[in-house]
Amino acid sequence: MRTMNITLILGARPQIVKSAPLIHLASQDYQMSLSIIHTGQHYDFEMTKIFFQELCLPDPMANLNVGSGTHAWQTAKIMTRLEKILQKQKPDLVVVPGDTNSTIAGALTAAKLHIPVAHIEAGARSYDMRMPEEINRRLTDHCSTLLFTPTENCTKNLLKEGIAKEKIHQTGDTMYDLLIQQLPKAEKTQILEKLGLKPKTYALLTTHRPENVDNPKNLKNIIKAIIKLNKLTIVFPAHPRTQKQLRKFRLLKAIQKQNHIKIIKPLGYHETIKLIKNATLVITDSGGMQKEAFWLKTPCITLRENTEWPETVEAEANYLVGTCEQKFIKKAYEILENGKEIAKKLEKTPNPFGNGDASKKVLEAIKFFLNRSYQKAP
Ligand code: UD1
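Every chain is numbered on its own, with residues counted from 1 as its sequence reads. Owing to the predicted nature of the model, reporting of local features is limited to residues with pLDDT of at least 70; listing and counting of side-chain atom pairs is limited to 80 or more, with chain, interface and lining totals taken over all residues. The side-chain values count all of the structure's non-hydrogen atoms but skip hydrogen atoms and water molecules.

**A short note on the overall build of the chain**
Convention followed: Per the convention used, a helix needs a DSSP run of H or I reaching at least four residues, while a strand needs a run of E reaching at least two, with both numbered from the N terminus. Radius of gyration here is computed from C-alpha atoms only, and the compact-globule reference equals 2.2 Å multiplied by the residue count raised to the power 0.38. The contact criterion used throughout is that any non-hydrogen atoms of two residues lie within 4.5 Å. Only the protein chains shown count as cover for residues, and the accessible areas themselves come from Shrake-Rupley with a 1.4 Å probe.
Scanning the chain for helices and strands turns up 18 helices and 13 strands. For a compact globule of 378 residues, the expected C-alpha radius of gyration is about 21 Å, and the chain comes in at 21 Å, within 12% of that figure. For the chain, the C-alpha atoms occupy an extent of roughly 70 × 45 × 40 Å along the three principal directions. Restricting to contacts in the chain with at least 6 residues of sequence separation, those with at least 24 account for 70%. Taken as a whole, the chain presents about 16,800 Å² of accessible surface, with 54% of it coming from carbon and sulfur.

**Some points on the pattern of salt bridges**
Heads up, the condition is: Salt bridges are identified by distance alone: a Lys or Arg side-chain nitrogen within 4 Å of an Asp or Glu carboxyl oxygen. Residue burial is assigned from relative accessible area. The probe radius is 1.4 Å, only protein chains are included, and a residue is buried under 20% of its type maximum, exposed over 50%, and partly exposed in between.
Summed over all chains, the structure comprises 26 salt bridges. The shortest N-O distance in the salt bridge between Arg-130 and Asp-128 comes to 3.2 Å. In this structure, Arg-304 and Glu-308 form a salt bridge, with 2.5 Å as the shortest nitrogen-oxygen distance. For Glu-308, a relative accessible area of 3% corresponds to the buried category.

**Considering unusual backbone geometry**
Backbone geometry at His-114 places phi at a positive 60°, although glycine is not the residue there. Along the chain, the position of His-114 falls in the loop between helix H4 (101-112) and strand E5 (117-120). Positive phi values are uncommon outside glycine, yet Glu-316 reaches one of about 60°. Looking at where Glu-316 falls in the secondary structure, it is placed in the loop between helix H15 (310-314) and strand E13 (318-320). Exposure remark for Glu-316: the relative accessible area of 46% places this residue in the partly exposed category.

**Some details on helix H10 (residues 216-228)**
Applicable threshold: A helix's residues, less one, multiplied by 1.5 Å, set its expected span. Two N or O atoms form a polar contact when they lie within 3.5 Å of each other; inside protein one atom must be a possible hydrogen donor and the other a possible acceptor, and for residues adjacent in sequence the pair counts only when both atoms belong to side chains.
When the terminal C-alpha atoms of H10 are compared, their 18 Å separation across 13 residues agrees well with the 18 Å that a helix rising 1.5 Å per residue should span. The opening residue of H10, the one whose side-chain oxygen lies 2.9 Å from the backbone nitrogen of Lys-217, is Asn-215.

**Concerning the sheet that holds E13**
Defined as follows: Here, any two strands with at least 2 DSSP bridges between them count as paired. Helix axes use the C-alpha atoms of the stretch in contact, all axes being lines fitted to C-alpha atoms, and the angles between their N-to-C directions lie in the range 0 to 180 degrees.
As summarised here, the arrangement of the six strands in space is E10-E9-E8-E11-E12-E13, forming an open sheet in which the pairing is parallel. One side of each edge strand has no neighbouring strand; the edge strands of this open sheet are strand E10 (261-264) and E13. Ignoring strand direction, the axes of neighbouring strands in this sheet form an average angle of 20°. As defined by bridge partners, strand E12 (residues 300-302) adjoins E13 across three bridges and the pair is classed as parallel. Across the sheet, the residue bridging to Ile-301 is Tyr-319, located in E13. In the packing of helix H13 (residues 269-278) onto the sheet, contacts are made with strand E8 (202-206), strand E9 (233-237) and strand E11 (281-284), and the angle to E8 comes to roughly 135°.

**Brief notes about the site of the ligand**
The cut-off we apply is this: Distances are taken per atom, and a residue is near a molecule or strand as soon as one of its heavy atoms is within 4 Å of it. Residues are grouped as follows: nonpolar covers Ala, Val, Leu, Ile, Met, Phe, Trp, Tyr, Cys and Pro; charged covers Asp, Glu, Lys and Arg; every other residue, Gly included, is treated as polar.
Close contacts around the ligand come from 20 residues, with Gln-41, His-42, Asn-101, Glu-133 and Arg-241 the closest. One of the side-chain N or O atoms of Gln-41 is found 2.8 Å from an oxygen atom in the ligand. Separating an oxygen atom of the ligand from a side-chain N or O atom of Glu-133 is a distance of 2.6 Å. Of all elements in the fold, only helix H1 (13-28), helix H5 (132-142) and helix H11 (240-248) reach the threshold of two or more residues within the shell around the ligand. A total of three residues in the shell around the ligand trace back to one element, the largest contributor, which is H11. Of the residues assigned to the shell around the ligand, the class counts are five nonpolar, eight polar and seven charged.

Structure follows, in structure tokens:
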């Protein structure tokens, strides 16, 4: 039986989370030979290596070490370095997860070498082309051969764009698989004790989107709002981009002066999950955390005007407030006042993101596709 050689390309924090359960399954499959190429888009320990360690993932076979830069520079650098490896390696298929610059660079490079591309988390749309991720996910979907969608809404988005239905596989969300698998380990972390927190007495805040943190007005609005929200402790693990911008716009000291705000370095997967589960409220602009809050039944305020996860908004688990200080504070107090009723309602909300077996379905579809293509080959 022929070995299936697949290459997974990742480089940014959320891509490791989206791929982890597939890496575990492929590593146990005797028909598969999986190699991981890390682009080096993220390089700090807390942004990448910690996830490999916590999730027991094998080391990448190569790191392209691209580092940070402008979009075109970073994407181009990944492409030129990746092309050389893929030309030598000649994998049967390339897998790209998510919507980062590493995703689009990986998909484009492989597609131009006529290597089939499989996209994990296909079909998500915010319909906001000012977001780099929206450009990345649309273009990736349109050069992919296998598109793995987390929800029915994502499938519909692809069909609307004219993508052939034979290419689309609605598998569920691989991030949900990981959450179910890793929750027991997350529960065991001591992050609440380390931070001196009691369950359901704090809000967890993350913000790193360029439209929020690179824009001084929006970042100031967010900071003003969390300073006013002093009835709650606010835990704020700050992304390196955010830390840099807080210093640049001279906002860091104002935060550090507040007794109710704990600004800390970015956390790994398990501690983040434990914090989300025990929070009264999640405040975020991250796509992944909107979903994790939904699955863990914690209400979420999203610091954006739109979302690629409308399923969570329709379920009234997630509220879009943009960066309007008044809207943010009003919604936060509404959630605090109605916490018990909201929790009861969230307990009964159905999950449109699958059953926790998305990665298994992804692997099965890849194997079916490759077996068929080997049979067709001369
Ligand atoms: C990227 C993704 C975003 C994802 C996020 C998760 C794109 C376009 N964006 O955004 O979709 O939600 O990752 O974190 O791909 N930096 C460090 N150390 C690191 C990495 C970054 O200090 O290890 C700093 C650098 O100053 C860098 C900045 O963070 O310029 C932004 O990093 P970059 O990878 O360009 O974008 P993210 O904001 O992390």
